Amino acid sequence: MQRSEIERIFEAYFEKYKKTEGDRTSWSAVWLESTPNGVLELNMTKCPKGQTFKLFVNKKKEAEVLGWDAFFEAMVEISANHPSLYDEDKVFSDMEFVI
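Scoring rules and cut-offs
Residues numbered from 1 in each chain as written. Predicted model: local features only at pLDDT ≥ 70, side-chain atom pairs only at ≥ 80, totals over all residues. Heavy atoms only, no water. Pairing = 2+ DSSP bridges. Helix = DSSP H or I, 4+ residues; strand = E, 2+ residues; numbered from the N terminus. Buried < 20%, exposed > 50% of the residue type's maximum accessible area, 1.4 Å probe, protein only. Expected span 1.5 Å × (residues − 1). Contact = heavy atoms within 4.5 Å.

## Comments concerning the pairing of strand β5 (residues 60-66)
Across a regular strand the side chains alternate sides, sitting on one face of the sheet and then on the other. As paired elements, strand β4 (residues 50-57) and β5 share 6 bridges and run antiparallel to each other. Looking at the pairing, lysine 54 lines up with glutamate 64 of β5.

## A closer look at the pairing of β4
In terms of residue burial, β4 counts as a mostly covered element, since 6 of its 8 residues are buried. The pairing of strand β3 (residues 38-47) with β4 spans 8 bridges and is antiparallel. Across the sheet, the residue bridging to glutamate 41 is phenylalanine 56, located in β4. Linkage of β3 to β4, two consecutive antiparallel strands, is achieved through a turn of 2 residues. If you look at the hairpin formed by β4 and β5, you'll find 2 residues sitting between the two strands, and asparagine 58 has a positive phi there, around 50°.

## Topic: helix α2 (residues 67-81)
Compared with an ideal rise of 1.5 Å per residue, which puts 15 residues at 21 Å, α2 spans 21 Å between its outermost C-alpha atoms and is within 8% of the ideal. If you check which residues of α2 are buried, you get Gly67, Trp68, Ala70, Phe71, Phe72, Ala74, Met75 and Ile78. Of the surrounding elements, those touching the buried residues of α2 are α1 (3-17), β3, β4, β5 and α3 (88-98).

See below:
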């Protein structure tokens, strides 16, 4: 799947499912992907400091990064450390289905 398509899908998902962090300056949307190899959680937050991604594997924070470039770099690392957990095409096809 192309990077631009992933960004478009995740941004649309965020707009549909975002929840405020309480003060209406921070908004988050979370995607959980359950697989036989574990659970991947993608949390996108938009706040005054910028667009932040918090990435969890089996409820353990693997990374917290700012911006899309860092997101894609972190996902390469997560894929290397947790083979068969992150299937980019499946995750974002499923995400697109619910929007």
